[in-house]
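Notes for the structure review
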Amino acid sequence: MRKELRIVSLLSVLLVFAILFTACGTYADNTGSSGTSKAAGSTETEGSDTAENRAGSVLKDGNPVELDLYVPGPNANPASLTEVESTINDLIKDKIDATVKINIIEWGSYADQLNLILSSGEKSDITFTFSSTTTFAKNGQIQAITQLAQEYAPDICSQFGNYLDACKVDGELYGFPTFHEYAYRAGLVCRKDIFEQTGIDAVTVKTWSDVENVLKKVHELYPDMYLLTNAETGMGALQYVNTGIFDTIQNDTGVAVYANKNQDNIEVLSIYSTPEYMDLAKMAYDWNKKGYFVPDVTTNTETRQDMIRAGNTFGFIGQIHPGIIDQETNNSGREMMTIPITDAVSATGNINFAQYMIPTACKNPEKAVAFLNMLYSDKDVQNTYAYGIKGKDYVVKDEGNGIIGYPEGKDGTSIGWNMETWLTGNASISYIWETNSPSHWQNYLTFNSQAIKSPLYGFVYNITNVQNEIAAVNNVITKYRAVIESGYADPDESVAAFNKELSNAGIQKIIDEGQQQVNEFLAARK
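Everything numeric here is computed off the predicted structure, so don't read it as measured data.

**Here's the deal with the overall build of the protein chain**
- A count of helical and extended segments in the protein chain gives 19 helices and 19 strands.
- Burial statistics for the protein chain: of 526 residues in total, 55% are counted as buried.

Have a look at this one:
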């Protein structure tokens, strides 16, 4: 998600979440008529006041501390950084004796730097991660925050409810997910102007065969146009065709379960040995022979946005979610549209890939968690963190509807702050950027709430016993997957060879380990 999302009052958001989700684990949604959330089990009693007083005495203890927050971004030292820190610190000072220092690490270095910070014990109080917290938790690099969340982050617990289950490891909460799309589905993302020239009604396009009919018609109209590029450089043209069919419980190896089948006995399997994957391989082979893909698609270094912007590419098969039309339109400069094909499925990995966590090195976890609670619930804090300084990095275009945009004469290259809203915690309470749809925010809430939940929602694979096998299997996948999914190899031969090498690399051990963990997870859930 880019600068986006419609502003919705905090009360409205709380009510929507309260209706859609029960509280997670030991958390309860005790939102009163005023919209003020309280910790689980609390009531309007002396005990509640005592708990609030205790929390307040810890947060306002007369001992100001500096909280080091680490987050990725495009620029390690944006022009407005000092002002953003100062503004946020002014907003939190009446509730927390702390200041926040925002440490931005550029995207290309963030994963390595984060691992170094956590493994070295370097001072850090809040860190963002775009991968599951499981490994960090197992290595003792981050703190369990189950009890801290109840006492110091009641608003997060109330707003996110059962979504917090995705951030648990062995029953303990280790992070707070950011708000973003929690489900994905596959479909066609394409230029709207060209699709409309086909005369095909988009609502009639419901299968991949229907998509092929669209491609045929576009090819008739524009014989020299490339029809499909890949969604991600270096990957196959049909990489996302099976999105919404599987819950990949071990992302590096394709070990998964069927996400849209709530069967009693859940079978762990390899995606690459399923009939669905063979169908994908055959479709890729057929479409490649028919010339539907960009030439040399697996080695093409141009992004999908650049290809479409150049005017010679129709679209791509991608993951569809609210905001993708605005995102792709803004990034390519062409008006885009989407046609979803598969079901929208929400799995643990869709949620827990983006989290804020508290490192073991943090000496003031109560204040760190309380700050995150303000970031997620105070719209002034959230807007500053997401958009920077009002009047300098953005201006309010429509106060009543919460619409903002660039100041006159400025754009994304000349402002002093640029933070993508899926990184900012709870963007649901922030302004909406003027280029986005007025219903954009509600679309996210609806999409997430209506998605099919995987039968293993909340399950997190522990890789401790199979790390060597995962590395070996991943090497095999790198060798075969993009080639097969771009139709460069006969499917009957290549898929068989692919699965044979996966077997030799130890994928069955990963499956068996996963099955054991799944069985234990399901037994504990009963």
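**As for the sheet that holds strand 8 (residues 226-229)**
- Reading across from one edge, 8-12-7-13 is the order of the four strands in this open sheet, with mixed pairing throughout. Either end of the sheet is taken by a strand with one partner, and the two such strands are strand 8 and strand 13 (336-340). On average, each strand axis in the sheet is inclined to that of its neighbour by 25 degrees, with strand direction left out of account.
- Sheet strands in contact with helix 9 (residues 208-221) are strand 7 (185-191), strand 8 and strand 12 (313-320), and its direction is about 160 degrees off that of strand 12.
- Packing against the sheet, helix 12 (residues 324-332) makes contact with strand 7, strand 12 and strand 13, and its axis sits at approximately 145 degrees to strand 13.

**Some details on the packing of helix 17 (residues 467-485) against helix 18 (residues 491-505)**
- In the contact formed by helix 17 and helix 18, the axes pass within 8 Å of each other and the chain directions differ by 170 degrees. In terms of orientation, helix 17 lies roughly antiparallel with respect to helix 18. The residues of helix 18 that touch helix 17, namely those facing Glu469, Ala472, Val473, Val476, Ile477, Lys479, Tyr480 and Ile484, are Ser494, Val495, Ala497, Phe498, Glu501, Leu502 and Ala505.
- Here the residues of the contact of helix 17 with helix 18 sort into eleven nonpolar, one polar and three charged.

**Observations concerning the packing of aromatic side chains**
- In total, this model carries 24 aromatic pairs according to the counting rule given.
- Three or more aromatic residues joined by ring pairs make a cluster, and in this case those are Trp107, Tyr110, Phe128, Phe130, Phe353, Tyr356 and Trp422.
- Stacked on the ring of Tyr457, the Lys or Arg Lys453 has its end atom at 4.2 Å from the ring centre.

**Regarding the nonpolar core**
- Residues Val71, Ile102, Phe176, Phe371, Leu372 and Tyr385 are the most contacted members of the largest nonpolar core, which totals 69 residues.
- Broken down by element, this core gets its largest block of residues, eight residues, from helix 14 (residues 365-377).
- In contact with Phe371, other than residues within four places in its own chain, are Leu67, Leu69, Ile88, Ile92, Ile96, Val100, Ile126 and Val381.

**Thoughts on the confidence of the model for the protein chain**
- When pLDDT is averaged along the protein chain, the result is 88; 89% of the residues meet or exceed 70.
- The low-confidence segment residues 1-48, where pLDDT is below 50, has 125 contacts with residues more than four positions distant or belonging to other chains.

**Comments concerning the pairing of strand 7**
- In terms of burial, strand 7 is largely enclosed, as six of its seven residues are buried.
- Where strand 7 lies against strand 12, six bridges are found, and the strand directions are antiparallel. Considered in strand 12, the bridge of Val189 is made with Phe316.
- Judged from the five bridges that link them, strand 7 and strand 13 form a sheet pairing that is antiparallel. When the sheet's bridge partners are listed, Leu188 is paired in strand 13 with Ile339.

**A word on the side chain of Gln382**
- Its place among the elements puts Gln382 in helix 15 (residues 379-387).
- Leaving out residues up to four positions away in the same chain, Gln382 has contacts with Leu375, Thr424, Gly425, Asn426, Ala427, Ile429 and Ser430.

**A few points about the pattern of salt bridges**
- Following the criterion strictly, the structure yields 20 salt bridges and no others.
- Among the ionic pairs, Glu232 bridges to Arg304, the shortest N-O distance being 3.9 Å. Of this pair, Glu232 sits in the loop between strand 8 and strand 9 (246-250) while Arg304 sits in helix 11 (residues 304-309), and the two are 72 residues apart along the sequence.
- Since its relative accessible area comes to 12%, Arg304 is described here as buried.
- Two residues, Lys509 and Glu469, come together in a salt bridge whose shortest N-O distance is 3.3 Å. Pair noted here: Lys509 is in helix 19 (residues 507-525) and Glu469 is in helix 17, with a separation of 40 residues, a long-range link.

**Overview of the pairing of strand 12**
- Burial runs high along strand 12: seven of the eight residues are buried.
- Bridge count for strand 8 against strand 12 is three bridges, and the pairing is parallel. Each residue of the ladder has a partner; that of Tyr226, found in strand 12, is Thr313.

**A word on the environment of Gly349**
- Within the element layout of this structure, Gly349 appears in helix 13 (residues 348-352).
- C-alpha of Gly349 to C-alpha of Tyr182: the two residues are 167 residues apart in sequence and 8.7 Å apart in space.

**A word on the sheet that holds strand 17 (residues 403-405)**
- The sheet built from three strands is open, its strands ordered 16-17-18 with mixed pairing. Single-partner strands in this sheet number two, and they are strand 16 (395-398) and strand 18 (432-433).
- As defined by bridge partners, strand 17 adjoins strand 18 across two bridges and the pair is classed as parallel. Paired with Ile403 across the bridge in strand 18 is Ile432.

**Points about the packing of helix 9 against helix 10 (residues 275-289)**
- Relative orientation of the contacting elements helix 9 and helix 10 amounts to 10 degrees, with a least axis distance of 13 Å. The orientation of helix 9 with respect to helix 10, classified from their angle, is roughly parallel. Packed against helix 9, whose contacting residues are Trp208, Val211, Glu212 and Leu215, the element helix 10 presents Met283, Asp286 and Trp287 at the interface.
- Considering only residue class, the contact of helix 9 with helix 10 consists of five nonpolar, no polar and two charged.

**Looking at helix 4 (residues 107-120)**
- Taking 1.5 Å per residue, 14 residues should reach 20 Å; helix 4 reaches 20 Å between its end C-alpha atoms and fits that length.
- Maximal helix bending in helix 4 amounts to about 25 degrees, located at Gln113.
- Within helix 4 the residues assigned to the buried category are Tyr110, Leu114, Ile117 and Leu118.
- Looking at the buried positions of helix 4, the neighbouring elements they touch are strand 1 (65-73), strand 2 (98-106), strand 3 (126-129), helix 5 (134-138) and strand 15 (355-357).

Conventions adopted
Residues numbered from 1 in each chain as written. Predicted model: local features only at pLDDT ≥ 70, side-chain atom pairs only at ≥ 80, totals over all residues. Heavy atoms only, no water. Helix = DSSP H or I, 4+ residues; strand = E, 2+ residues; numbered from the N terminus. Buried < 20%, exposed > 50% of the residue type's maximum accessible area, 1.4 Å probe, protein only. Pairing = 2+ DSSP bridges. Axes fitted to C-alpha atoms, helices over the stretch in contact; angles between N-to-C directions. Contact = heavy atoms within 4.5 Å. Parallel < 35°, antiparallel > 145°, perpendicular 65-115°, else oblique. Nonpolar A, V, L, I, M, F, W, Y, C, P; charged D, E, K, R; others polar. Phe/Tyr/Trp six-rings, centres within 6.5 Å; stacked < 30°, edge-to-face > 60°. Lys NZ or Arg CZ within 6 Å of the ring centre and 35° of its normal. Core = buried A, V, L, I, M, F, W, Y, C linked by side-chain atoms within 4.5 Å. pLDDT = per-residue confidence, 0-100. Salt bridge = Lys/Arg side-chain N within 4 Å of Asp/Glu carboxyl O. Expected span 1.5 Å × (residues − 1). Bend = angle between axes of the 7 residues up to and from the residue.

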